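In case you want the letters, here they are:
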Amino acid sequence: MRPFTLNYALPKRLQPVVTPYHFDASRQLNVLSDGRPAVSDPALLLAVGTTTSTAGSQTHFDD
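Reading the values: the criteria
Residues numbered from 1 in each chain as written. Predicted model: local features only at pLDDT ≥ 70, side-chain atom pairs only at ≥ 80, totals over all residues. Heavy atoms only, no water. Helix = DSSP H or I, 4+ residues; strand = E, 2+ residues; numbered from the N terminus. Buried < 20%, exposed > 50% of the residue type's maximum accessible area, 1.4 Å probe, protein only. Contact = heavy atoms within 4.5 Å. Areas by Shrake-Rupley, 256 points an atom, 1.4 Å probe, with all protein chains shown as cover. Salt bridge = Lys/Arg side-chain N within 4 Å of Asp/Glu carboxyl O. pLDDT = per-residue confidence, 0-100.

Caption draft 1: Expanded view of the overall build of the protein. Secondary structure summary: the protein contains three helices and two strands in total. What you see in the protein, going N to C, is helices and strands ordered as α-β-β-α-α. Sorting the 63 residues of the protein into buried and exposed places 14% on the buried side. Residue pairs in contact within the protein that sit at least 24 positions apart in sequence constitute 15% of those at least 6 positions apart. As presented, the protein carries roughly 5600 Å² of accessible surface, and 61% of it is formed by carbon and sulfur atoms.

Caption draft 2: Structural view of the pattern of salt bridges. In the structure shown here, the tally under the stated rule is one salt bridge. Salt-bridge contacts for Asp-34 lead to Arg-36; the nearest nitrogen and oxygen are separated by 2.9 Å. On the basis of relative accessibility, which here comes to 51%, the residue Asp-34 falls in the exposed class.

Caption draft 3: Up close: the confidence of the model for the protein. With 75% of its residues at a pLDDT of 70 or more, the protein has an overall mean of 77. Taken element by element, the predicted model of the protein shows its lowest mean pLDDT in helix α3 (residues 55–59) (56) and its highest in strand β2 (residues 29–32) (90).

So, in structure tokens, the structure goes:
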């Protein structure tokens, strides 16, 4: 038997997240599918707020 409150207490399935950019290790920055830097797209920055990656913590010892 399932308690009634669990129907509302548990979150529904999360929607998959698709980022329109990926990290380019050779250039050390996030790039869009057309090769432009992700920070050059104002609409993307407004939508996601930032384009952070883990590159700094993996490549620099002073982070």
